[in-house]
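# Summary of the model geometry
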Amino acid sequence: MSNSISEITTSLLKLSLKDFSVKEYAHESAQYLLKSTEFVEGGVIAICLLKKGTRTLELITDIGLFEESDNIDEILNTSECAFMTSARRGETTILNCDGCPNKKCSWNTPKDIHVFPLKVQNSTFGILCLALSEDDSPSDKKLNDSKLLADTLAEIIFNTINHERHKLLTYFAHENPSPLIECAANGEILYTNPAVKKILWQQSIDISELLSVNHQDFLANSIVSQLPETVVSDSGESSFLWSYQYVPETDKVLIFGTDISSQKRIENQLAYDSMFDHLTGLPNRNHLLSQIRSELSVIKKRNDYTFALLLINLDRFKTIIESLGFTAGNSALKTVAKRLAKWNNNDNLVARLDGDEFAVIIEDMPNMSQIMDVANAIKIAISKDIIVKKHTIRLTESIGIAIGNTNSKSAEELLQNASAAVYRAKRQGTNHTEVYDKEMHLNALARLRVSNELNDAIDNGDLKVYYQPVFGLHDLRVRGFEALARWEHPVRGLIGPGSFISIAEDSGLIHKLGKHVIKSICAQLYKWQNDKLPLAWVSVNVSAHQFKLNHLVTDIINIITEEKADPYRLFVEITEGTAAESPERAFKMMVKLREHGIRIALDDFGTGYSSMSYLKRFPIDALKIDKSFVDGLPENQEDVAIVTSVITMAQALGMKVVAEGVEDERQAMFLRAQNCDEVQGFLYGKPMPAIKATALLRNGPFQGKKSDSKIPIGKIKLKPLTSDHNE
Ligand code: C2E
Ligand code: CA
Ligand code: CA
């Protein structure tokens with residue numbers, strides 16, 4: 001053969017124009033050299049490349065060198081061996097196994113092998129191994145030609161490697177569903193993949209709108225730092241996380257985008273949920289508190305700044321839920337929210353706290369009369385009829401106002417103050433507005449102190465039960481007693497329930513107090529029974545708070561059992577208001593009590609809101625006419641009319657009537673004439689300690705009838721709430 005080296009390199013270059021992979025090209029060129037030239041007389045040719053990262057040699061084509069070896073990797077990467085030496089140092093070496101110091105290696109090649117580095121721009125990336133002649137050492141010319149050949153192959157293989165990598169990159173970029181952009185260092189956009197084009201098309205935006213507004217800065221930073229720089233951008237409904245990566249080899253920046261819209265949506269939803277009320281879409285308590293905090297921070301800068309927090313609590317909302325159900329209740333709440341929002345017209349923050357409580361913040365509002373105007377405007381906005389499930393509801397609300405000024409310590413405290421004001425408004429009935437003041441705070445503190453003391457009093461036995469006798473009006477015998485709580489305070493003397501029941505209700509102590517009272521009563525009933533005293537009943541007052549407890553009946557029954565008392569001797573007094581507040585619940589409780597033989601008296605009758613229809617359906621044994629009606633007897637015609645009609649109605653329904661607060665004979669006479677059954681009042685006896693009540697039972701003057709024993713409960717007919725039937 002007499003192919004000149006230039007002919008050979010030309011042929012090798014031509015080969016490279018075919019679309020070969022690196023491996024294919026190495027193989028094809030080796031075959032060409034062996035078959036078509038006499039360049040490699042020794043018949044051995046192999047090409048190895050240094051693997052990126054590990055810098056170990058990998059055989060990619062081999063003719064005649066390693067054919068019988070099974071530990072090629074080990075041989076190639078033995079540091080003493082010519083292969084590695086050449087690859088590391090970038091020098092040509094000759095492999096001669098005869099003189100090899102590495103005896104461990106069992107491989108042996110009989111021929112001299114020349115190992116040439118494959119390098120580009122002085123960086124070695126592989127080796128070319130050739131047996132240049134059959135036996136003699138090759139001529140200098142051949143050696144030089146071989147180096148030239150190695151350089152040619154190096155260049156072609158290097159380009160093929162790059163081309164292959166680029167092909168891969170292009171493929172990756174093209175097929176990638178995530179956006180990918182290539183920029184020149186000066187910011188010029190060189191390439192955008194189809195995913196980018198799709199987004200631009202879908203959102204009808206151009207690329208500058210897709211990328212972050214700080215795109216140029218991030219591009220520059222990534223080039224300077226040579227580290228990935230990330231930024232989030234929003235476009236339309238979508239959000240993308242962009243990672244800028246500078247590629248020094250190409251002096252270009254690749255920008256990889258990740259669609260984080262769904263994550264963003266979840267984050268936004270979470271953020272929304274934490275700040276907005278689900279039902280009404282109004283800001284929630286968190287939102288309100290953070291708004292109050294920002295108002296308070298304004299005060300820090302401007303100490304003449306004031307704002308108002310209005311807490312709006314719907315009156316008797318529970319009744320709506322109980323009579324019309326939750327769905328109707330929710331729709332009423334939504335209507336209230338809409339009306340507040342419409343009234344507000346985005347001027348103030350309107351929030352919904354829990355249940356039936358809303359709040360409004362009025363910014364920069366120093367004038368109290370203006371604040372009151374706002375409160376009234378809110379009342380007007382809410383008060384229009386609401387129609388749910390074909391029922392017309394008219395809502396009223398109690399409003400508590402707290403003023404944010406330099407004295408305000410925290411958002412929580414301000415909200416608490418507004419709550420205290422709502423509470424006071426509620427205590428005055430419905431549709432009231434109250435402004436929180438210092439006195440209220442002191443009042444709250446005092447109430448807390450009383451509650452603690454009262455707790456101790458119950459434990460110490462200072463909380464006593466007094467008994468006020470109830471007489472049969474016709475025979476003037478003791479029929480029973482109303483049990484009334486008294487606090488025998490070691491310092492302040494005897495304290496009436498008016499001073500502590502509401503405190504006990506607010507602090508929750510009422511449950512403990514109630515149980516204590518019932519326990520004392522039951523113990524007393526057992527004693528009277530044991531002492532064979534005339535049988536009298538005792539009625540116990542149960543407040544609305546106690547009535548809300550599901551286990552009230554169980555508690556009462558357990559105490560009766562423990563104290564071995566007779567349940568037929570016990571009346572439970574609930575006020576008309578308590579029964580009217582949640583009639584369904586009241587009905588169920590009454591039925592349960594009745595099942596155990598306990599009787600029911602409706603207290604303070606005439607002061608509540610109960611319609612006669614409730615009364616007919618409730619399983620009630622006695623009606624107590626409130627003292628306020630008895631007071632006017634017999635002169636006040638209105639009182640006369642009311643008392644007379646109540647007595648006739650009660651008799652028609654088979655209930656007994658007790659008149660409360662009878663203080664003089666003329667009242668008693670009138671009541672007797674109207675056939676009232678029983679009387680209770682200072683005229684006959686004040687509330688007295690148990691020992692005096694016992695003496696009264698024992699000695700008269702009015703002896704209880706022995707025959708007033710158990711009322712057979714089977715005879716008491718329960719009137720179902722759902723039917724309209726009369727007895
Ligand atoms: P109430 O159930 O209406 O009790 C009747 C109140 O009228 C009692 O007041 C009684 O002393 C008073 N009274 C009776 N006859 C006359 C009279 O002729 N003239 C005048 N001026 N007053 C009369 P008291 O004992 O101060 O009780 C007030 C309220 O405290 C009771 O009203 C009741 O609602 C509540 N209460 C009392 N003890 C308890 C209790 O153990 N538990 C609960 N939850 N509430 C209680
Ligand atoms: Ca009572
Ligand atoms: Ca009463």
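A short tour of the structure in this document, coming up. (Residues numbered from 1 in each chain as written. Chains lettered and ligands numbered in written order. Predicted model: local features only at pLDDT ≥ 70, side-chain atom pairs only at ≥ 80, totals over all residues. Heavy atoms only, no water.)

## Details of the overall build of the protein chain
The cut-off we apply is this: For helices the rule is a DSSP run of H or I covering at least 4 residues; for strands it is a run of E covering at least 2, with both sets numbered from the N terminus onward. This radius of gyration counts C-alpha atoms alone. The globule rule is 2.2 Å times how many residues there are, raised to the power 0.38. Summary of the burial criterion: residues with accessible area below 20% of their type's maximum are buried, those above 50% are exposed, and those between are partly exposed, where the area comes from a 1.4 Å probe applied to protein chains only. We call two residues contacting when some pair of their heavy atoms lies within 4.5 Å.
Of regular secondary structure, the protein chain possesses 26 helices and 27 strands. Taking 27 Å as the expected radius of gyration for a compact globule of 727 residues, we find that the protein chain reaches 49 Å, considerably beyond that expectation. Overall size of the protein chain, expressed as C-alpha extent along the three principal axes, is 150 × 60 × 55 Å. Across the 727 residues that make up the protein chain, the buried fraction comes to 48%. Counted over contacts in the protein chain with a minimum sequence separation of 6, partners at least 24 positions apart contribute 63%.

## Comments concerning the site of ligand 1
Where we set the bar: Definition of nearness: a residue and a molecule or strand are near each other if at least one heavy atom of the residue lies within 4 Å of the molecule or strand. For the purposes of these results, a polar contact is taken to be a pair of N or O atoms within 3.5 Å, where, inside protein, one atom must be able to donate a hydrogen and its partner to accept one; residues adjacent in sequence count only when each atom of the pair is a side-chain atom. Using a 1.4 Å probe, the Shrake-Rupley method yields the accessible areas, and only the shown protein chains count as cover for residues.
Around ligand 1, the surrounding shell holds 21 residues, and the nearest of these are Arg486, Asn541, Asp603, Glu663 and Phe682. With respect to ligand 1, the side chain of Arg486 contributes an N or O atom lying 2.9 Å from an oxygen atom. One nitrogen or oxygen atom from the side chain of Glu663 is found 2.6 Å from a nitrogen atom belonging to ligand 1. About the coverage of ligand 1: the protein hides 79% of its 800 Å² of free accessible area.

## Some words on the environment of Ile399
Summarising the element assignment, Ile399 is placed in strand β16 (residues 397-404). For the pair formed by Ile399 and Ala359, sequence separation is 40 residues and the distance between their alpha carbons is 9.2 Å. Excluding its chain neighbours within four sequence positions, the residues that come into contact with Ile399 are Leu310, Leu311, Ile312, Ala375, Ile378, Lys379, Val422, Ala425, His432, Thr433 and Glu434.

## Concerning the coordination of the calcium ion (ligand 3)
The condition is simple: Listed donor atoms are N, O and S within 2.8 Å of the metal (Na, K and Ca: 3.2 Å). As water is not included, a site may look incomplete.
For the calcium ion (ligand 3), every protein donor is listed as Asp603 (OD), Asp604 (OD), Glu660 (OE) and Glu660 (OE), and the spread of their distances is 2.2 to 2.5 Å. Counting the intervening residues between successive donors of the calcium ion (ligand 3) yields the motif D-D-x55-E. A distance of 3.8 Å spans the gap from the calcium ion (ligand 3) to the calcium ion (ligand 2), which Asp603 bridges by coordinating each metal.

## Topic: the coordination of the calcium ion (ligand 2)
Only Glu482 (OE), Asn541 (OD1), Glu573 (OE) and Asp603 (OD) from the protein reach the calcium ion (ligand 2) as donors, at distances of 2.1 to 2.3 Å. Mapped onto the polypeptide sequence, the residues donating to the calcium ion (ligand 2) form the spacing pattern E-x58-N-x31-E-x29-D. On the accessibility criterion, Glu482 (3% relative accessible area) is buried.

## What about the layout of surface pockets?
For the record, the criterion: Both cavities and pockets are sets of points on a 1 Å grid over the protein atoms alone; in a cavity a 1.4 Å probe fits but cannot get out, in a pocket the set is open with protein on both sides within 12 Å along at least five of seven lines, and lining residues sit with an atom within 4 Å of a point. Grid points are joined across faces, edges and corners, and a volume is the space filled by probe spheres set on the points. Segmentation into domains, and thus their bounds, comes from an automatic or database assignment.
By volume, the second largest pocket is sized at about 1100 Å³. Lining the second largest pocket are 29 residues; nearest its centre among them are Lys52, Ile161, Asn162, Arg165 and His166. Tallying contributions element by element places helix α5 (residues 140-175) first for the lining of the second largest pocket, with 9 residues. Residues from two domains meet in the lining of the second largest pocket; each of domain 1 (5-168) and domain 2 (176-265) gives at least three.

## Considering the sheet that holds strand β13 (residues 357-362)
Counted only if it meets this: Any two strands with at least two DSSP-identified bridges between them are counted as paired. Between N-to-C directions, angles cover 0 to 180 degrees, with each direction set by a line fitted to C-alpha atoms, over the stretch in contact for helices.
Pairing in this open sheet of 5 strands is mixed, and the strands run β12-β13-β11-β16-β17 from one edge to the other. Every interior strand has two partners, whereas the edge strands, β12 (349-352) and β17 (433-435), have only one. Looking at each pair of strands side by side, their axes are set apart by 20° on average, direction ignored. When β16 meets β17, the two strands line up parallel, connected through 3 bridges. Counterpart to Ile399 in the pairing with β17 is Thr433.

## Re the pairing of β13
With 6 of 6 residues buried, β13 lies mostly within the body of the structure. A two-sided burial pattern is seen for β13, the buried positions comprising Glu357, Ala359 and Ile361 on one face and Phe358, Val360 and Ile362 on the other. Two elements, β12 and β13, share 4 bridges in a ladder whose sense is antiparallel. Paired with Leu349 across the bridge in β13 is Ile361. A loop of 4 residues connects β12 with β13, the two strands running antiparallel in sequence, and Gly355 in this loop sits at a positive phi of about 50°.

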